[in-house]
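Spelled out, the chains give:
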Amino acid sequence: MKSLALLFMFLAASPSFAGFVLVAKLDRTSAFGTGPGGEFRVTLGRVASGGATSTIVTNVFGSNPAVNATTGVYNFKTFCVEIQETVSLNTWFKVGGEFFNQTTGAFTGFGDMSDRAFYGDGAPPINQVGTDQLDNQTKNLFTQWSQGAAPFGTKTNTLANQVQDAIWMKEDEKVFTGAYQTSLSNLLTNAGNAANSAVRVMNLFQYNAGGGSSFDSKIINFSTTDESTWQSDLKSNRAQDQIFYDPSLATTPAVPEPATAGLLGLGMLVAGAYRARRKSKA
């Protein structure tokens, strides 16, 4: 009985984990682009549900290739998806979704990252009432920029502005005309329509909105594809949607195993010999 009482005392004194939230803040350090859009550097961190910004930790991302394991700085640059939504620089925001083990706080990856903007409005007469999934051309253009692939081997403010405008145009956020519209269309066309699983969207929400762990629970359970999670205080406290690239989420075509490749090669040789034999008979 004494040991049982001690167990109850230990459980009562143990802290209860209320969950962990992914947080992000933006700045323009080493970023290309001018005006309201363009590149932003992102720092990511983790905070216990209901915790103050002073308790945020950034060294929780392990070996994930997209984030510096010590500083939490996202190793690529991000662009805005929405044109009517804004964020304040050097200010922490909360990211919708569950990215940590809610008991231990261990980082579990960005697999829960959204692939669409949440409740954004673009240039009139556009009036979205739900979520807007990124177009594949947008994803591929952003991948080219993130990887420094042609035509972005040498990055400039002008090119960053063009990438941002191309994203806004493709996502029906802004209308362009004339030669500039043609140049943006060419960038998107050259990027291609291939499926791209490495590009996601960070759905940002105001940090202190709603109050404490109750609001954070809604943040953790938020999903752009599940309307039951679209709580009214999430809608009213949404911030910007930031396009995000994580190479660990990329899917690549299967490479044949050596034995399979050998069989394929043998099959091609047999087929070639058969065609040659038929030709000689003819």
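Look a little higher up for the structure.
In this report, we go over the structure that sits alongside the text. Since we're looking at a predicted model, the values are computed, not measured.

The rules behind these values
- Residues numbered from 1 in each chain as written.
- Predicted model: local features only at pLDDT ≥ 70, side-chain atom pairs only at ≥ 80, totals over all residues.
- Heavy atoms only, no water.
- Helix = DSSP H or I, 4+ residues; strand = E, 2+ residues; numbered from the N terminus.
- Buried < 20%, exposed > 50% of the residue type's maximum accessible area, 1.4 Å probe, protein only.
- Contact = heavy atoms within 4.5 Å.
- Areas by Shrake-Rupley, 256 points an atom, 1.4 Å probe, with all protein chains shown as cover.
- Pairing = 2+ DSSP bridges.
- Expected span 1.5 Å × (residues − 1).
- Polar contact = N/O pair within 3.5 Å; in protein donor to acceptor, adjacent residues only side chain to side chain.
- Salt bridge = Lys/Arg side-chain N within 4 Å of Asp/Glu carboxyl O.
- Phe/Tyr/Trp six-rings, centres within 6.5 Å; stacked < 30°, edge-to-face > 60°.
- Core = buried A, V, L, I, M, F, W, Y, C linked by side-chain atoms within 4.5 Å.

### Notes on the overall build of the chain
Along the chain, the regular secondary structure elements total 7 helices and 8 strands. Among the 282 residues that make up the chain, the fraction classed as buried is 45%. Taking as baseline every contact in the chain between residues at least 6 positions apart, the subset at least 24 positions apart corresponds to 71%. Put simply, the chain shows about 14400 Å² of open surface, and 55% of that area lies on carbon and sulfur atoms.

### Section: the pairing of strand β7 (residues 199–206)
Most of β7 is tucked away, with 7 of its 8 residues classed as buried. Relative to β7, strand β4 (residues 93–95) is paired through 3 bridges, and the arrangement is antiparallel. Bridged to V95 within β7 is L204. Examined bridge by bridge, β7 and strand β8 (residues 238–245) share 6 bridges and lie antiparallel to one another. Counted as the bridge partner of N203 is D241 from β8.

### A look at helix α2 (residues 136–147)
In a regular helix each residue adds 1.5 Å, so 12 residues correspond to 16 Å; α2 covers 16 Å between its end C-alpha atoms and thus fits that length. The element α2 is largely enclosed, with a buried count of 10 among its 12 residues. If you check which residues of α2 are buried, you get Q137, T138, K139, N140, L141, F142, T143, Q144, W145 and S146. Residues of α2 that are buried make contact with β3 (79–80), α3 (157–170), α4 (178–191), β7 and β8. Taking the backbone nitrogen of Q137 as reference, a side-chain oxygen 2.7 Å away marks D135 as the first, capping residue of α2. Where α2 terminates, the next one or two residues include G148, which has phi positive at roughly 70 degrees.

### A closer look at the pattern of salt bridges
Per the counting criterion, the structure on display carries 5 salt bridges. Residue D27 pairs with R41 through a salt bridge whose shortest N-O separation is 2.9 Å. In this pair, D27 sits in strand β1 (residues 20–27) while R41 sits in strand β2 (residues 41–48), placing the two residues 14 residues apart along the sequence. R41 gets classed as partly exposed once you look at its relative accessible area, which sits at 24%. Ionic pairing is found between R116 and D115, a salt bridge with its closest N-O pair at 2.8 Å.

### Side note on the packing of aromatic side chains
Evaluation of the coordinates by the stated rule reveals 18 aromatic pairs. An angle of 70 degrees between the planes, with centres 5.0 Å apart, marks the rings of F61 and F107 as edge-to-face. Linking F61 in the loop between β2 and β3 with F107 in the loop between β4 and β5 (116–118), this pair joins segments that are 46 residues apart in sequence. Looking at F61, the relative accessible area reads 2%, which means it is buried. Seen in terms of ring centroids, F76 and Y245 are 4.9 Å apart; in terms of plane orientation they differ by 85 degrees. Their pairing is edge-to-face.

### Overview of the nonpolar core
As a rule of thumb, soluble globular proteins bury nonpolar side chains together. Core analysis: the largest hydrophobic core is formed by 52 residues, its most contacted members being L44, F61, F110, M202 and L204. In terms of residue count, α3 provides more of this core than any other element does, 7 residues in total. If sequence neighbours within four positions are ignored, M202 has contacts with A24, V42, L44, V95, M113, Q240, D241, Q242 and F244. Residues V47, F205, Y207 and L234 belong to the second largest nonpolar core, which totals 16 residues.

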